[in-house]
Amino acid sequence: MATNPMHQFEVHRIGPEIKIGAIDISFTNASLFMIISSFAILFVFNLGSKKKSIIPNKMQLLAELSYTFVSKMISDTAGSKAKPYFAFIFSIFMFVLFCNMFGMIPYTFTVTSHIIVTFMLASFIFIGVTIIGFIKHGLGYLKLFVPSGVPVVLLPLIVVIEIISYLSRPISLSVRLFANMMAGHTMMKVFGGFVISLGIIGGWLPLGFSVALTGLEILVAFLQAYVFAILTCIYLNDALNLHH
Amino acid sequence: MIKKIFFQTIFLSFLFLIEAFAAESGGMPQLNPEFWVSQIFWLTITFGILYIVLSKLILPKISNNLEIRKSQILENIETADKQRKESEEKIKEYNKIIQDNKIKAKNYYNQVREKILKDINKKKENLDNDLSEEIKKAELEIQNLKNKSPEKITKIAIETSNDLIKQLIGVEVNNSSISAIVEDLSKRKKSEYYGN
């Protein structure tokens, strides 16, 4: 029968066990692909920023297009005040995108299919945005939980809902990315398994599905990175410009 | 038909798979906390390095490059605009010069023409004056001759009649009697001889 489709998500140690006190920080395949993704990003963008020609070559064009793409996304959603956080959002977007894309290569490990990784990324954003909000507005940032124009009777309920929705942001952000990546990769594995188990007669349809799913997954890989980044921008916008 | 078989086989194998999966799996590996700390640790390190290198080294270069290009393009547009304006002014100047010169040429032409016309008129007048003087002189002379001619004619008539008489009859006639007859005749027939 087909191999376990969840097998691809297993983390295993590469090299010796590293321990600091009782904490295990061994180098794993997840760490390997984080490093590979980061190096790939740095490699591409270093190559793209080396030459400073007026008419860019391909790598420079790639780097500059990504730069303007992210900077336009930020200015559209969070305004000009968000400019100091450009590098952070750019890094998040590129990291998620490259991890997703590397996951599409067969026999690789998808870093972003792990809830702990996406949750950590979302927590960076959540904590960062909360700190920025309190620095910019002081205690006035708490007004975020009190929408204007709400009847006083409803206010306690609304405030509770707002607080819950605010606190659930990192969870929704991380689960969205994690679930998308996991579901997609599991589906691909399942259909791949069908191709083998149905053999030469029945395997063509799942093969077709598999090919289609690969295309879809590449789209999803990009889209989820984009969604991750744009939600970061929206949260940042809330912190920078208090609308309520 | 084939489609139906396909879907049924897929559905069946999916059921098998789920069963097999449920039997052998110990749940999602993502929820196994064994390597959570390690993942957090490595994520923080790699993402931290990525963020620092991108924000400090690479992104400033890209943005700098973009800005340089933007300013360069703006500069180029500006210089192009400037040059266009300059050329437009030059064209205007050129047109003005041509217009001026045309006007000047016209003026010269007109002046010269007037001058020449004046000259011609003057000369014509002079010529006219001269001619009329000459004509007057000639007329005067003719008048003089006209005035003098009766006397002379009378004289000639007297002489000829004297000669005629002499030859015809061989007698010397007194000049004064002949002249009296001639004068009398000429006075009588003056209008007949000199009438205009």
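Residues numbered from 1 in each chain as written. Chains lettered and ligands numbered in written order. Predicted model: local features only at pLDDT ≥ 70, side-chain atom pairs only at ≥ 80, totals over all residues.

1. Re the overall build of chain B
For chain B, the helix and strand inventory stands at 4 helices and 0 strands. Within chain B, the proportion of its 196 residues that are buried is 9%. (Helix = DSSP H or I, 4+ residues; strand = E, 2+ residues; numbered from the N terminus. Buried ≥ 20, exposed ≤ 12 C-beta atoms within 10 Å, placed from the backbone.)

2. Thoughts on the overall build of chain A
Tallying secondary structure elements over chain A gives 7 helices and 2 strands in all. When the helices and strands of chain A are listed from N to C terminus, the series reads β-β-α-α-α-α-α-α-α. When the backbone C-alpha atoms are referred to their principal axes, chain A occupies close to 70 × 55 × 45 Å. Of all 244 residues assigned to chain A, the portion counted as buried reaches 34%. Within chain A, residue pairs in contact and separated by at least 24 positions form 67% of the contacts whose partners lie at least 6 positions apart. (Contact = placed C-beta atoms within 7 Å.)

3. Concerning unusual backbone geometry
Positioned with a positive phi, Y107 of chain A is a non-glycine residue whose angle comes to about 70°. Owing to 5 C-beta atoms within 10 Å, Y107 of chain A belongs among the exposed residues under this scheme.

4. So, the nonpolar core
Ranked by size, the top nonpolar core spans 59 residues in total, and within it I89, F93, F95 and V96 of chain A carry the most contacts. When residues of this core are traced back to their parent elements, those giving at least two are α1 (29-50), α2 (58-78), α3 (86-103), α4 (115-137), α6 (169-202) and α7 (204-240) of chain A together with α2 (36-169) of chain B. Filtering out sequence-adjacent residues up to four positions away, V96 of chain A remains in contact with T112, L177, A225 and F228 of chain A. (Core = buried A, V, L, I, M, F, W, Y, C linked by C-beta atoms within 7 Å.)

5. A short note on the interface of chain B and chain A
Each partner contributes residues to the interface: chain B has 40 residues there, and chain A has 47 residues. Within the residue set of the side of chain B that touches chain A, elements represented by two or more residues are α1 (2-24) and α2 of chain B. Ranked by the residues each element gives to the side of chain B that touches chain A, the list is headed by α2 of chain B, at 26 residues. When the residues that make up the side of chain B that touches chain A are grouped by side-chain class, the tally is 26 nonpolar, 11 polar and 3 charged. (Nonpolar A, V, L, I, M, F, W, Y, C, P; charged D, E, K, R; others polar.)

6. Quick notes on the environment of L242 of chain A
All names here are of chain A. Mapped onto the elements of the fold, L242 is located in the segment after α7. On the basis of neighbour counts, which here come to 15 C-beta atoms within 10 Å, the residue L242 falls in the partly exposed class. Distance from L242 to L144, taken between C-alpha atoms, is 6.7 Å for residues 98 residues apart in sequence. Other than its neighbours up to four places away in sequence, L242 contacts H137, G140, K143 and L144.

7. With respect to the confidence of the model for chain B
All names here are of chain B. Here chain B averages 84 in pLDDT, and 83% of its residues register 70 or above. Averaged pLDDT values for the elements of chain B fall to 56 in α1 and rise to 91 in α2. The ipTM for the predicted assembly is 0.90, set against a pTM of 0.71. (pLDDT = per-residue confidence, 0-100.)

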